[in-house]
Amino acid sequence: MAHGGALDEARRRWPNAPEPWIDLSTGINPVAYPVPEIDAAAWTRLPLASEERALREAAAARYGAKSADCIVAAPGTQALIQILPRLVAPGSRRGCAAPAAEPLQEGARPHVAVLSPTYAEHAAAWRREGHDLREVASLADTRGADAVVVVNPNNPTGRLIAADALAEWAVSLAQRGGLLVVDEAFMDVAEAGASVVPSLPPSTIVLRSFGKMYGLAGVRLGFAVAEPALAGRLRGMLGPWAVSGPALAIGTAALNDGAWLEAARSRLAADTARLDALLAGAGCEIVGGTNLYRLAACAKAPDRPGAHNALTLANRLGEHGILVRRFTYERSWLRFGIPGGAEAWQRLERALHA
């Protein structure tokens, strides 16, 4: 399965590209939160329950959850994606919220719908656990599903479904014991009021990424938000000491730093407008994205001067040491992360117009 950030592969493919590489293939903030000084003890002892609680309290306050009891801290949201399918029993049509499971007919499997195209690991995780998986284009197409997965804002298109619409769908699912999973990995740069966390619907799990907005993907930290009983189940599935001591310290400091977050949002908004103009000048059409990445369509058969074929442009950028994300299901698309710093911007502009 292809992912962004594969710099080892890029170096093999373009061995003569200049270093350092500029990785625009992910949606990670290029200006990271400044890592605070970490007590040496955080590296040598097991993480403390009080430290984990402090992180969950900071996450609850930042994301608008009712309490820390609704927060699950994990070593990245990917770890949560791997275990969520286990909440729906393979032999039951009922999800985690049902008081009693309704048995399936012999040989049947729970029906799971994933709004697609989107982050491919969701569908892969549910299939791996033996569920009947359908990838659908709209919420209306998920009717009858036992579990529904929505990435909101969507990756890579940036499609944003209103929180009220998701809440209405969650209520319908809950009435028959279903489960709604809302992956809000890029919600930190979305408009105010877009998250479903503050008015968390029943039978809903919301995923929030730390590394993307705070530019610290290597810390491996992410969160699930759910009703306390369900959150407790997820914490039990992860087991003790799921998050490292240094990650607890870094995450708590960053989530409590509202001034840094607001400054980062303002900078990213300005940089997004700059990137849109740069790509448009190179003949690309912006067709979606968020303030952490832009989705551009590059015509397969250019109809105007300066337009690029997506494969040709990706290869040209690779030769200049700039990695962007391609998509097998839509070969005219390229996803561009936000450049970080003057040199990165200059190299991108030169490569686009080479």
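Here we summarise the structure given alongside this text.

Procedures and definitions
Residue indices follow the written sequence of each chain, beginning from 1 at its first position. With the structure being a predicted model, the display of local features is reserved for residues of pLDDT at least 70 and the display and counting of side-chain atom pairs for 80 or more, all residues being used for whole-chain, interface and lining totals. As a rule here, side-chain values come from all non-hydrogen atoms in the structure, and water together with hydrogens is ignored. What counts as a ring pair is set by centres within 6.5 Å for rings of Phe, Tyr and Trp (its six-membered ring), and what kind of pair is set by the plane angle: stacked under 30 degrees, edge-to-face over 60, tilted for all other angles. Secondary structure counts use DSSP, requiring at least four H or I residues in a row for a helix and at least two E residues in a row for a strand, with both numbered from the N terminus. Under the scheme applied here, a residue whose accessible area is under 20% of the maximum for its type counts as buried, over 50% as exposed, and between as partly exposed, the area being computed with a 1.4 Å probe on protein chains only. Note on terminology: a nonpolar core comprises buried Ala, Val, Leu, Ile, Met, Phe, Trp, Tyr and Cys residues joined through side-chain atoms within 4.5 Å. Working rule for contacts: check all heavy atoms of both residues, and any pair within 4.5 Å makes them a contact. Grid spacing is 1 Å over the protein atoms alone, the probe is 1.4 Å, and a cavity is where that probe fits but cannot get out, while a pocket is an open set with protein on both sides within 12 Å along at least five of seven lines and lining residues have an atom within 4 Å of a point. Grid points are joined across faces, edges and corners, and a volume is the space filled by probe spheres set on the points. Three residue categories are used. Nonpolar comprises Ala, Val, Leu, Ile, Met, Phe, Trp, Tyr, Cys and Pro, charged comprises Asp, Glu, Lys and Arg, and polar comprises the others, including Gly. By the convention used here, strands pair only if DSSP detects at least 2 bridges between them. Between the N-to-C directions of two axes lies an angle of 0 to 180 degrees, each axis being a line fitted to C-alpha atoms and, for a helix, fitted only over the stretch in contact. What makes a salt bridge here is a side-chain nitrogen of Lys or Arg within 4 Å of a carboxyl oxygen of Asp or Glu, nothing more.

Some remarks on the packing of aromatic side chains
1) Next: Evaluation of the coordinates by the stated rule reveals ten aromatic pairs.
2) Next: With centroids separated by 6.2 Å and ring planes inclined at 75°, the aromatic side chains of Y33 and Y214 adopt a geometry described as edge-to-face. With a gap of 181 residues between them, Y33 in the loop between β1 (22–23) and α2 (41–44) and Y214 in helix α7 (residues 211–214) connect regions that are remote in the sequence.
3) Next: Overall, the relative accessible area of 0% leaves Y214 in the buried class.
4) Next: Ring-pair connections join several aromatic residues into one group, and the members of that group are Y33, F210, Y214 and W260.

Side note on the nonpolar core
Burial of nonpolar side chains together is a common tendency in soluble globular proteins.
1) Next: F210, Y214, F223, L255, L317, F336 and L348 are the most contacted members of the largest nonpolar core, which totals 76 residues.
2) Next: If one sorts the elements of this core by residue count, helix α10 (residues 258–281) sits on top with seven residues.
3) Next: Dropping the residues within four chain positions of it, L348 is found in contact with L24, L275, L278, L317, I322, F336 and P339.
4) Next: With 25 residues, the next largest nonpolar core counts I81, I83, L84 and I205 among its residues.

Regarding the layout of surface pockets
1) Next: Its boundaries defined by the atoms lining it, the largest pocket holds a volume of some 750 Å³.
2) Next: For the lining of the largest pocket, the secondary-structure elements that each account for two or more residues are α4 (77–83), α7 and β12 (325–326).
3) Next: Top element by residues in the lining of the largest pocket is α4. It accounts for three residues.
4) Next: The class makeup of the residues in the lining of the largest pocket is 14 nonpolar, 13 polar and seven charged.
5) Next: The calculated volume of the second largest pocket comes to roughly 370 Å³.
6) Next: As for the second largest pocket, its lining consists of 19 residues, and the residues nearest its centre are H3, R13, L323, V324 and R326.
7) Next: Going through the elements one at a time, α1 (7–13), β11 (322–323) and β12 are the ones with two or more residues in the lining of the second largest pocket.
8) Next: Tallying contributions element by element places α1 first for the lining of the second largest pocket, with three residues.
9) Next: Residues that form the lining of the second largest pocket fall into these classes: nine nonpolar, five polar and five charged.

Quick look at the sheet that holds strand β4 (residues 132–136)
1) Next: Taking strand neighbours across the sheet as the criterion, the seven strands line up as β2-β8-β7-β6-β5-β3-β4 in an open arrangement whose pairing is mixed. Unpaired on one side and paired on the other, β2 (71–74) and β4 mark the two borders of the sheet. Adjacent strand axes in the sheet meet at a mean angle of 20° when their direction is disregarded.
2) Next: Pairing of strand β3 (residues 111–115) with strand β5 (residues 147–151) involves three bridges; the strand directions are parallel. Bridged to V114 within β5 is V149.
3) Next: Across the sheet, helix α6 (residues 163–175) is in contact with β5, β6 (179–183) and β7 (204–209); its angle to β6 comes to roughly 150°.

Overview of the pattern of salt bridges
1) Next: Scanning the model with the defined rule gives 13 salt bridges in all.
2) Next: The closest approach of N and O atoms between E135 and R127, which form a salt bridge, is 3.2 Å.
3) Next: Overall, the relative accessible area of 44% leaves R127 in the partly exposed class.
4) Next: Of the charged contacts, one joins E184 and R208 as a salt bridge, the two residues approaching to 3.1 Å between their closest N and O atoms. With E184 in the loop between β6 and β7 and R208 in strand β7, this pair connects stretches of sequence that are 24 residues apart.
5) Next: The network of salt bridges with shared partners includes R53, E57 and D69.

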